[in-house]
Amino acid sequence: MLSVAACEQPLDLTLGTCDTLYERKIECQGYSGVQQPDFLQRCRQYQRDFRGHIECSSLRSCDTFATCVIAASDEVHPRRRSRRLSYLLDDLRVAFELGDFRGAEVLCAALAEDADPDAESEARCRRLSARAIELLTPEVVAVKSDPQGNADGLAKCPELLKYSEDEGATAVAETLCSEAALAVAAHELVLHSAVLGPAPECADVVTEATRVATPFAQSVLKQTLERCGVAAAEALVREPCDYRLRRTLPWLMHPALFEGEADKVKLAAWTTLKERVVAKCL
């Protein structure tokens, strides 16, 4: 087994590099911790601590490599190791405070490799996914109440879904994200309906609200059917046929306007309206 060189001596690159160390860890240990770019950055930044591991990477046998790595870890100076761990812990606290969960994952993977991990960091890393859900969920919920002011919250859904899967809460996150996306679509419909009239976008919102089928989605469905109702289309029919009226016809054919409708007067109004649109534009 190769001996670990003294810290003051320059690293002999003929014995290996951070790249070769990473490759050997994959080959011999099935390494699945820190991703390669982050591993290499940390290895080069703390090369004194990794010196012995790098030398071990030149050993052919995986068994001797593993034995060498253990010995090299034991020879890392306790004071340097303590300082390095302190930096990692500080960075981890900041990452949690800022909601940088990708950065926190990298730091947790690095801390998990330490032979004597800090108890506080272990506890923090164990609840990384739960903490992510705590911070991300309110941002997505806010989209439902104010789609215009909080539309950016919808971009948090991929992260929320990822960490919810870790916690076995995927169904809840999927429903919440569907409701948020529906709120944004319904809001855009409000903004554009004055220009476009009751157009195919109404059908898109109705279809999605029917699929989601939560109380929130049902309220959106009701509002959309009212917003895209007879009165809105009737106002267009009074004018000459234009692109708005032509775009209205597919919506007037949507089954959501008729299914479950028991009011014969309202059904007759829809039928008459469709006939007037067809007569005027086709």
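Residues numbered from 1 in each chain as written. Predicted model: local features only at pLDDT ≥ 70, side-chain atom pairs only at ≥ 80, totals over all residues. Heavy atoms only, no water.

A. Local environment of helix H3 (residues 47–56). In terms of burial, H3 is a largely internal element, 8 of the 10 residues being buried. For H3, the complete set of buried residues consists of Asp 49, Phe 50, Arg 51, Gly 52, His 53, Ile 54, Glu 55 and Cys 56. (Buried < 20%, exposed > 50% of the residue type's maximum accessible area, 1.4 Å probe, protein only. Helix = DSSP H or I, 4+ residues; strand = E, 2+ residues; numbered from the N terminus.)

B. Structural context of the packing of helix H8 (residues 128–145) against helix H9 (residues 157–166). Where H8 contacts H9, the axes come no closer than 9 Å and their chain directions differ by 145°. Regarding H8 and H9, the two cross each other, and that crossing is left-handed. Facing H8, whose interface residues are Leu 128, Ser 129, Ala 132, Ile 133, Leu 136, Thr 137 and Val 140, H9 presents Cys 157, Glu 159, Leu 160, Tyr 163, Ser 164 and Asp 166. (Axes fitted to C-alpha atoms, helices over the stretch in contact; angles between N-to-C directions. Left-handed = near helix turned anticlockwise from the far one by under 90°. Contact = heavy atoms within 4.5 Å.)

C. Fine view of the pattern of salt bridges. For the structure shown, the criterion picks out 9 salt bridges. Notably, a salt bridge pairs Asp 90 with Arg 93, separated by 2.9 Å at the nearest N-O pair. Taken together, the positions of Asp 90 and Arg 93, both in helix H5 (residues 78–98) and 3 residues apart, correspond to about one turn of that helix. For Asp 90, a relative accessible area of 38% puts it in the partly exposed group. We note a salt bridge from Glu 134 to Arg 127, for which the minimum N-O separation is 2.8 Å. Relative accessible area serves as the criterion here: at 38%, Arg 127 is assigned to the partly exposed category. Each of Arg 127, Arg 131 and Glu 134 takes part in a single network of salt bridges with overlapping partners. (Salt bridge = Lys/Arg side-chain N within 4 Å of Asp/Glu carboxyl O.)

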